[in-house]
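So you can see what is in the structure, the chains are spelled out below.
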Amino acid sequence: MDVLRNTEAKKGAKTKKQKRMNECKDVEAETSVQADSVEEEAAFPPNFSVSEIKNKQRRHFMFMKLKQEKRKRKLELKKKRKKEREALGDKAPPKEVPKTIENQRIYDETTVNPEDEEVAFDEGTDEFSSYFNRLTNPKVLITTSDRPRGRTVRFCEQLSTAVPDSHVYYRRGLALKRVIPQCISRGFTFLIVINEDRKVPNGMVLCHLPNGPTAHFKVSSVRLRKEMKRRGKDPTEHSPEVILNNFTTRLGHSIGRMFAALFPHDPQFIGRQVATFHNQRDFIFFRFHRYIFKNEKKVGIQELGPRFTLKLRSLQKGTFDSKYGEYEWVHKRHEMDSSRRKFHL
Amino acid sequence: MASKSQSCSIWVGSETGILKGVSLSKQQAFNFCEMSCLSRDQEVCVLEWGDPLESEVLVGCANGTVKAFSTEKGIFTESKECGDATQGKFTGLAMMDGSLVTCAESGILKVWKEGCTDTIEINVGNGVCRMRQNPSRRSQVATGGKENPLKVERSISPVSNMVKNDWLDLRVPVWVRDIGFIPDSDKIVTCTGYHQMRVYDPSSPQRRPVLEAEFGEYPLTALSLPASQGTVVVGNTHGQLAVLDLRKGLVRGCLKGLAGGVRGLQCHPTLPLVASCGLDRFLRVHSLEDRSLLHKVYLKSRLNCVLLSSRNLELSGADLSGEVEEVKQEGEEDGETDEVWDAMETVTDKTNKRATEKAAEENAVKGPKKRRKVAKK
């Protein structure tokens, strides 16, 4: 009996603490050493890990205990450090900044320096110069791939309320190469094609019209107005303000200017609407809000409008021509995604 | 300025009209532009050496002017109006016996003689994409383009047409994007917009290409022949660079790194190096032996054409007749460049070497084991 109890104690995994306590009480001095060693899990056979216990219930229990102890130790350490910091007062060393992937981002040599003349000239004379010199106003045509399903149709409608002066047209199986000359003749400056797969929008082709660059994005995480919590009323016809965050590299600049050229130049501040394109880790998050200033320092925002994320797949120099067009940037997964800290936008 | 231009071994032309010189020994890039006024119609379309000594670079611009840039002085020395923007951009420049040959997109091939205002004009058909001069036979020039089959002009006057024949009785569309002359033979290599690479032999009675090979699914935009015979390097609009074999037409390997379409490609005349530039605003130098990236330079505008100097060739065979100081300097430069290349560590290089070494070791270890197993059986 003693032998059996000893082996059980040695296994170390007890489902009920009472059982163990009883055993400890019952067992005599000979086995008290073993019982002690059972209680001090950490000291017990070296190189023993919780995963070696075959019984799932016991293993789970031991793992939970391990985690609790770890958490306890961490809290104690934190308290100790806080006490030390308070004790030192002014002499305390500055707080350490935790490492994040954005902090550790590999410096991209194509990051645009604001005073760079060559880049300024390049941007001043590129395809968007007519928009930025206020010579043309944006006019957007939104369409989808052939035979769109309900979700994509609703997404297109909501997108057209977010972008002023936009029109949604049904695709009717037309080839994009034929659509583009017609759009140009009717004075459109942008063509957006939302691609659909299995009843869900998953791609976007954004083509600047006279002869401008074409960007192909992967669309994910689309949330329509119905699915948004605490949303405001539908957006009005006022032109929104545009916020472009974190487009630092040369490629990022081109894409940022493309997004900026979608919206009219002068935002109507009466409408208090703002469209945000936030770039983080090569993903572009689109949000549409309405803001109100409660006082000078506090703002309240309400999310309206659709919400989606984009990831750039390729940027092509002319209008949409997947076969014979020249690509300015192509996302090559095996070459570009090899490092977790390298981003291109 | 002069010292900067003298140290540059690679010249690149950009879309903003700036001529850029890259010095690998100093690891720097310099902009050479005429004045601070730049304009898009000065976009550099073609770059070519003005003379065999490589002291002058001819720059062909989109508005029809050809400028000469002296590498020794570091300034633009002359500028000539060789046509206007209506004729299209320049597709080729060549120096032939002291006269300048220019070809524009509309197909007008002109020969401008020094001093003379007369020009000989030939029309080679519309939609020309490229004109190139045979480096071994300077009087030969080849042109080709979209729906414009490859034509070779010898000594300007007689013209020989080489129309590609279709052997399926179906008309195959023609779109010659770039041309290369194979040295020591009559053959010409072309790459097309329909992702094909063809080798023609004008001396054979057939008009068909001798060899035809396909690569990728995107139009091939640039082509270059390396110093070692039997291969050709091509680049396409997707940024894929490949080394193709000229005997069988198979792909020997790909050069990685480019993210945008390749606009300019040139192999070094003697060393196994290839320089490529493209729409992603980078100049890259790859080594052809192990296909690794040696240098990568960010040049802020989209790049149109690249020109390599055969400088190291001169250094290796230094003339004793030259001044002692110059030889010493060149020797130092050569040493520097060698050191630069030896010291050049790209992470890819090291991992490749380690991977290959490890693979070699593993193979060596596995080999005897496998043999033992077989023997036992």
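Here the structure is a predicted model, which means the values were calculated and not measured.

*Asks:* Would you explain the overall build of chain A in this entry?
*Replies:* Broken down by element type, chain A carries 10 helices and 10 strands. Classification of the 345 residues of chain A by burial places 40% in the buried group. Taking as baseline every contact in chain A between residues at least 6 positions apart, the subset at least 24 positions apart corresponds to 65%. On chain A, roughly 22,000 Å² of surface is accessible, and the fraction owed to carbon and sulfur atoms is 51%.

*Asks:* Teacher, can you tell me more about the nonpolar core here?
*Replies:* Across soluble globular proteins, nonpolar side chains have a tendency to be buried as a group. One finds Phe217, Ile255, Phe259 and Ile284 of chain A to be the most contacted residues of the largest nonpolar core, which totals 41 residues. Once you skip the residues sitting within four places of it in the chain, isoleucine 255 of chain A turns out to touch Ala215, Phe217, Phe247, Ile284, Leu312, Leu315 and Leu345 of chain A. The next biggest cluster of nonpolar side chains, apart from the first, holds 16 residues, and it includes Met197, Val199, Ala242 and Leu244 of chain B.

*Asks:* Explain the interface of chain A and chain B to me, please; I cannot follow it from the model alone.
*Replies:* Interface extent is often summarised as the accessible area lost during association of the parts. With 24 residues of chain A at the contact, the number on the chain B side is 35 residues. When chain A packs against chain B, close to 2,500 Å² is buried across both sides, 49% of that on carbon and sulfur atoms. When the area that chain A buries against chain B is broken down by residue, the three leading residues are Glu118, Phe121 and Glu328 of chain A, summing to 25%. The interface formed by chain A and chain B holds eight salt bridges in total. With its nearest N and O atoms 3.1 Å apart, the salt bridge here joins lysine 317 of chain A to glutamate 15 of chain B. Taken together, chain A and chain B are joined by 18 residue pairs in polar contact (both at pLDDT 80 or more). Elements supplying a minimum of two residues to the side of chain A that touches chain B: helix H5 (117-124), strand E10 (327-330) and helix H10 (333-336) of chain A. Of the residues contributing to the side of chain A that touches chain B, the split by class is seven nonpolar, four polar and 13 charged.

*Asks:* Is there a simple way to think about the packing of H5 of chain A against helix H9 (residues 250-260) of chain A in this case?
*Replies:* Between two packed helices, the angle of one axis relative to the other and the distance separating the axes together describe the packing. Residue and element names in this part refer to chain A. Two numbers describe how H5 lies on H9: the axes approach to 12 Å, and their chain directions differ by 30 degrees. In terms of orientation, H5 and H9 fall into the roughly parallel class. Note on packing geometry: the crossing formed by H5 with H9 is right-handed. Every residue of H9 that contacts H5 at Val119, Asp122 and Glu123 is listed here: Arg250, His253 and Arg257. Residues belonging to the contact of H5 with H9 are distributed by class as follows: one nonpolar, one polar and four charged.

*Asks:* Would you take a moment to explain the UniProt feature "domain: Brix" (unreviewed entry) in chain A for this structure?
*Replies:* Per the UniProt annotation, the sites labelled "domain: Brix" (unreviewed entry) are residues 138-321 of chain A. Measuring from the first to the last C-alpha atom of residues 138-321 of chain A gives 22 Å, for a span that is 18% helix and 42% strand.

*Asks:* What is the right way to look at the environment of phenylalanine 132 of chain A in this model?
*Replies:* Residue and element names in this part refer to chain A. By the element assignment, phenylalanine 132 lies in helix H6 (residues 129-132). Taking the C-alpha atoms as reference points, phenylalanine 132 and proline 46, separated by 86 residues in sequence, lie 70 Å from one another. Apart from residues no more than four positions distant in its own chain, phenylalanine 132 is found in contact with Arg257, Ala260 and His265.

*Asks:* Could you clarify how one ought to interpret the pairing of strand E4 (residues 200-208) of chain A in this entry?
*Replies:* A regular strand places its side chains so that they alternate between the two faces of the sheet. All names here are of chain A. E4 sits mainly inside the fold: seven of its nine residues count as buried. Of the pairings in the sheet, the one linking strand E3 (residues 190-197) to E4 comprises eight bridges and is antiparallel in character. Looking at E4, one finds that phenylalanine 190 is bridged to histidine 208. In textbook terms, the turn of a hairpin is the stretch between consecutive antiparallel strands, and for E3 and E4 this stretch comprises two residues, one of which, arginine 198, has a positive phi near 55 degrees.

*Asks:* Would you explain the pattern of salt bridges in this entry?
*Replies:* Where charged atoms from two side chains of opposite charge come close, those side chains can pair. The final tally for this structure, using the stated rule, is 30 salt bridges over all chains. A salt bridge links arginine 151 of chain A to glutamate 227 of chain A, with the shortest nitrogen-to-oxygen separation between them at 2.7 Å. One end of the pair, arginine 151 of chain A, is in helix H7 (residues 150-162); the other, glutamate 227 of chain A, is in the loop between strand E5 (214-223) and strand E6 (241-245), and 76 residues separate them in sequence. On the basis of relative accessible area, glutamate 227 of chain A is assigned to the partly exposed category, the value being 36%. Of the charged contacts in the structure, one is a salt bridge between arginine 252 of chain B and aspartate 245 of chain B, with a shortest N-O distance of 2.9 Å. One salt-bridge network, held together by shared partners, links Asp122, Glu123, Arg250, Lys317, Glu326 and Glu328 of chain A together with Glu15, Arg40, Arg263, Arg281 and Arg302 of chain B.

*Asks:* What am I meant to see in the side chain of threonine 65 of chain B here?
*Replies:* Looking at where threonine 65 of chain B falls in the secondary structure, it is placed in strand E6 (residues 65-70). For threonine 65 of chain B, the side chain forms a polar contact with the side chain of asparagine 63 of chain B, separated by 2.9 Å.

*Asks:* What should I look at first to understand the sheet that holds strand E11 (residues 119-123) of chain B in this one?
*Replies:* Two pairing modes exist for strands in a sheet, parallel and antiparallel, and in both the strands are linked by backbone hydrogen bonds. Residue and element names in this part refer to chain B. Strands sit in the order E8-E9-E10-E11 across an open sheet of four strands; the sheet is antiparallel. Edge strands, defined here as strands with exactly one partner in the open sheet, are strand E8 (90-96) and E11. Within the sheet, the average angular offset between the axes of one strand and its neighbour, ignoring direction, is 15 degrees. Alignment of strand E10 (residues 108-112) against E11, held across five bridges, turns out to be antiparallel. Along E11, the bridge assignment pairs valine 111 with isoleucine 120.

*Asks:* Can you help me understand a nonpolar patch on the surface in this one?
*Replies:* Residues and elements named next belong to chain A. Among the surface-exposed residues, Phe63, Met64 and Leu66 lie close enough to one another that they form a single nonpolar patch of about 250 Å² accessible area. Within the secondary structure, phenylalanine 63 sits in helix H4 (residues 56-88). The exposure class of phenylalanine 63 is partly exposed, given its relative accessible area of 38%.

*Asks:* Honestly, the packing of aromatic side chains in this entry has me stumped. Any pointers?
*Replies:* Given two aromatic rings, one states the distance between the centres and the angle between the planes to describe the pair. Residues and elements named next belong to chain A. Tallying each qualifying case throughout the model produces 19 aromatic pairs over all chains. Between the aromatic rings of phenylalanine 247 and phenylalanine 259, the centroid separation amounts to 6.3 Å while the plane-to-plane angle is 55 degrees, which identifies the pairing as tilted. Here phenylalanine 259 lies in helix H9 and phenylalanine 247 lies in the loop between E6 and H9, a separation of 12 residues in the sequence. By relative accessible area, which is 10% here, phenylalanine 247 ends up buried.

*Asks:* What exactly am I supposed to notice about the sheet that holds strand E5 (residues 56-61) of chain B here?
*Replies:* Residue and element names in this part refer to chain B. With antiparallel pairing, four strands are arranged side by side in an open sheet as E4-E5-E6-E7. Strand pairing shows two members of the sheet lacking a second neighbour, strand E4 (44-49) and strand E7 (76-81), which therefore form its edges. Strand-to-strand, the axes of this sheet are offset by a mean angle of 20 degrees, without reference to chain direction. Across five bridges, E4 lies against E5 in antiparallel orientation. Looking at the pairing, valine 44 lines up with cysteine 61 of E5.

Parameters at a glance
- Residues numbered from 1 in each chain as written.
- Chains lettered and ligands numbered in written order.
- Predicted model: local features only at pLDDT ≥ 70, side-chain atom pairs only at ≥ 80, totals over all residues.
- Heavy atoms only, no water.
- Helix = DSSP H or I, 4+ residues; strand = E, 2+ residues; numbered from the N terminus.
- Buried < 20%, exposed > 50% of the residue type's maximum accessible area, 1.4 Å probe, protein only.
- Contact = heavy atoms within 4.5 Å.
- Areas by Shrake-Rupley, 256 points an atom, 1.4 Å probe, with all protein chains shown as cover.
- Core = buried A, V, L, I, M, F, W, Y, C linked by side-chain atoms within 4.5 Å.
- Buried area = accessible area lost by both parts, 1.4 Å probe.
- Salt bridge = Lys/Arg side-chain N within 4 Å of Asp/Glu carboxyl O.
- Polar contact = N/O pair within 3.5 Å; in protein donor to acceptor, adjacent residues only side chain to side chain.
- Nonpolar A, V, L, I, M, F, W, Y, C, P; charged D, E, K, R; others polar.
- Axes fitted to C-alpha atoms, helices over the stretch in contact; angles between N-to-C directions.
- Parallel < 35°, antiparallel > 145°, perpendicular 65-115°, else oblique.
- Left-handed = near helix turned anticlockwise from the far one by under 90°.
- UniProt positions renumbered as here; feature names shortened; annotations may be inferred.
- Pairing = 2+ DSSP bridges.
- Patch = residues over 30% accessible without salt bridge, like charges linked within 9 Å, V, L, I, M, F, W, Y side chains within 5 Å.
- Phe/Tyr/Trp six-rings, centres within 6.5 Å; stacked < 30°, edge-to-face > 60°.

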